[in-house]
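Chain by chain, the residues run as shown.
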Protein chains: 2
Amino acid sequence: MAHIVSAFDEDLVQVQARISEMGGLCEELLAKALQSVQDRDTALAREVIDRDRALDGMEMALEEMVVKIIALRQPVAADLRVLIAAMKISSTLERIGDLAKNIAKRVGAVGQTATPRNLSHSIDSMAGLVLTQVNSVIDHYVARDPEALKALRADDEKIDIQYTSVFRELLTYMMEDPRNITACTHLLFCAENAYYVMTGQLLPANRPKVDETAAMSAA
Amino acid sequence: MAHIVSAFDEDLVQVQARISEMGGLCEELLAKALQSVQDRDTALAREVIDRDRALDGMEMALEEMVVKIIALRQPVAADLRVLIAAMKISSTLERIGDLAKNIAKRVGAVGQTATPRNLSHSIDSMAGLVLTQVNSVIDHYVARDPEALKALRADDEKIDIQYTSVFRELLTYMMEDPRNITACTHLLFCAENAYYVMTGQLLPANRPKVDETAAMSAA
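Thresholds applied
Once a new chain begins, its residue numbering starts again from 1 and follows that chain's sequence as written. Here chains are named by letter from A upward and ligands by number from 1 upward, in the order in which they appear as written. Residue-level local features of this predicted model are given only where pLDDT is at least 70; pairs of side-chain atoms are given and counted only at 80 or more, and the full residue set underlies all totals for whole chains, interfaces and linings. Hydrogens and water are ignored here; the side-chain numbers use all heavy atoms of the structure. Only Phe, Tyr and Trp rings take part, Trp by its six-membered ring, and two of them pair if their centres are within 6.5 Å. Stacked means planes under 30 degrees apart, edge-to-face means over 60, and tilted covers everything else. Strands here are runs of E lasting at least two residues and helices are runs of H or I lasting at least four, both read from the DSSP assignment and numbered beginning at the N terminus. Three labels apply to residues, based on accessible area from a 1.4 Å probe with only protein chains included: buried if under 20% of the type maximum, exposed if over 50%, partly exposed otherwise in between. Salt bridge, as used here: a side-chain nitrogen of Lys or Arg that lies within 4 Å of a carboxyl oxygen of Asp or Glu. Here, axes are lines fitted to C-alpha atoms. For helices the fit covers the stretch in contact, and angles between N-to-C directions go from 0 to 180 degrees. Relative orientations are named as follows: roughly parallel for angles under 35 degrees, roughly antiparallel for angles over 145 degrees, roughly perpendicular for angles from 65 to 115 degrees, and oblique for any other angle. Here a crossing is taken to be left-handed if its near helix is turned anticlockwise relative to the far helix by less than a right angle, and right-handed if that turn runs clockwise. Residue contacts are defined here by distance: any two heavy atoms, one from each residue, within 4.5 Å place the two residues in contact. Each residue receives one of three labels: charged for Asp, Glu, Lys and Arg, nonpolar for Ala, Val, Leu, Ile, Met, Phe, Trp, Tyr, Cys and Pro, and polar for the others, Gly being one of them.

Draft legend 1. Geometry of the packing of aromatic side chains. For the structure on display, the rule yields 5 aromatic pairs over all chains. An angle of 45 degrees between the planes, with centres 6.0 Å apart, marks the rings of Tyr163(A) and Phe167(A) as tilted. Taken together, the residues span about one helical turn, with Tyr163(A) and Phe167(A) both in helix α7 (residues 156-176) at a distance of 4 residues. We classify Tyr163(A) as buried; its relative accessible area is 1%. Centre to centre, the rings of Tyr163(B) and Tyr195(B) are 4.8 Å apart; their planes meet at 45 degrees, and the pair counts as tilted. Here Tyr163(B) is found in helix α7 (residues 156-176), whereas its partner Tyr195(B) is found in helix α8 (residues 181-199), with 32 residues between them in sequence.

In structure tokens:
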């Protein structure tokens, strides 16, 4: 029995290592995707789009691994839950990769039309917050630190505020000049994707406040 | 051994029944969410938002059930994969519920500002296609008909075309009158959410074609 437990622990170390590797790639792709939009860097965007496939492969490989471990070790209770959780985290990381790819794919559309450069600062701030959060979540998961994970929740509000600010600025630019609309629409989708990465759910429509945006359009 | 196999089969029937139930609720919430946007029906939107919680609960219950079945029956190979697949489907259905809720939450923002009524036809067409697809996917899954599922892929293109059309129309309305921008932005997010439900991935930015939208903004 002691032998089986130890073999299972070794399996878990392997699973953890894979998650850690996926997390690292995820962070890199997201950082590069946001950078490619800021710099209108189509080569960097291309790299993100191509390398996202590796993340998809890693998710499939992790699922294979977990299925094999369950079949071989037949874990129950907490051990089984750890494996199920690992599979869910891997699937979330794969989705973050998809979002990064989606952001990167918009570089062409943003770059070809007039875009307000002044927005850069707001977008940079938001991107910085999101990246810090993603890095911290993965670090705390690998370090198995649930308290630190809870503490991160407090920073969610900062990202809400920053997202609302970007949303409002983009609407203003669209209203000022119709030629900005296409580019701003794509930037809006980029911002929403980045926001979604962090909150883990699609943008709640009550932020930015419905009243505020309605008031802006009437102004 | 025959007894164990049969007990497991009974477990599977239970799992399938739960998925079926979740699928039904999912379809209903999505249909009502799209309807609430079309009719600017805030009461219907409220219902969608409230009932999405039931779907979250159903996903958690299904995960509990699957973990118990694995621990009790210790299935391997194909049986284990069926359970893992059920958990993934349940998680996808829960996400569709989130998207429906996100659509419903935008009713207020859309309703308070001037919105082009002519758009209704395009949005109706797209909503109809998406709902038909979602219903068919769940039916074919429950009937265990992989060929029929593959055939559905062919209809994806219709949804692409419809989404591109809605996207273009919305951009045109935004360019015509800045007062339309806030409402159209929320409708755009609704359309993207509905599109995402069906394609199972975030909107690929190369559809609508980058060139087309860039040309529109220059025009």
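Draft legend 2. Highlighting the pattern of salt bridges. Within this structure, the stated rule accounts for 22 salt bridges over all chains. Here Glu64(B) makes a salt bridge to Arg81(A), at a shortest N to O gap of 3.2 Å. Placement of Glu64(B) in helix α2 (residues 42-73) and of Arg81(A) in helix α3 (residues 77-105) is noted, with the two residues assigned to different chains. A relative accessible area of 37% means that Arg81(A) is categorised as partly exposed. In this structure, Asp52(B) and Lys101(B) form a salt bridge, with 3.5 Å as the shortest nitrogen-oxygen distance. Residue Asp52(B) is located in helix α2, and its partner Lys101(B) is located in helix α3 (residues 77-105); the two are separated by 49 residues in the primary sequence. One salt-bridge network, held together by shared partners, links Glu28(A), Lys32(A), Glu47(A) and Arg51(A).

Draft legend 3. How the structure looks around unusual backbone geometry. The phi torsion at Gln74(A) lies on the positive side, around 45 degrees, for a residue other than glycine. Along the chain, the position of Gln74(A) falls in the loop between α2 (42-73) and α3. Gln74(A) sits in the partly exposed class, given a relative accessible area of 29%. Positioned with a positive phi, Arg40(B) is a non-glycine residue whose angle comes to about 50 degrees. Checked against the element boundaries, Arg40(B) lands in the loop between α1 (2-39) and α2. For Arg40(B), a relative accessible area of 23% gives the class partly exposed.

Draft legend 4. Looking closely at the packing of helix α5 (residues 120-142) of chain B against α7(B). All names here are of chain B. As a packed pair, α5 and α7 sit with axes 9 Å apart at the nearest point and diverge in direction by 150 degrees. One way to sum up the angle between α5 and α7 is to call them roughly antiparallel. Every pair of crossing elements has a handedness; the one defined by α5 and α7 is left-handed. Counting all contacts with α5, which are made through Ser122, Ile123, Ser125, Met126, Leu129, Val130 and Gln133, the residues of α7 involved are Asp156, Lys158, Ile159, Gln162, Tyr163, Ser165, Val166 and Glu169. Looking at side-chain class alone, the contact of α5 with α7 contains 7 nonpolar, 5 polar and 3 charged residues.

Draft legend 5. Representation of the side chain of Arg106(A). Structurally, Arg106(A) can be placed in the loop between α3 and α4 (107-111). With relative accessibility at 1%, the residue Arg106(A) sits in the buried group.

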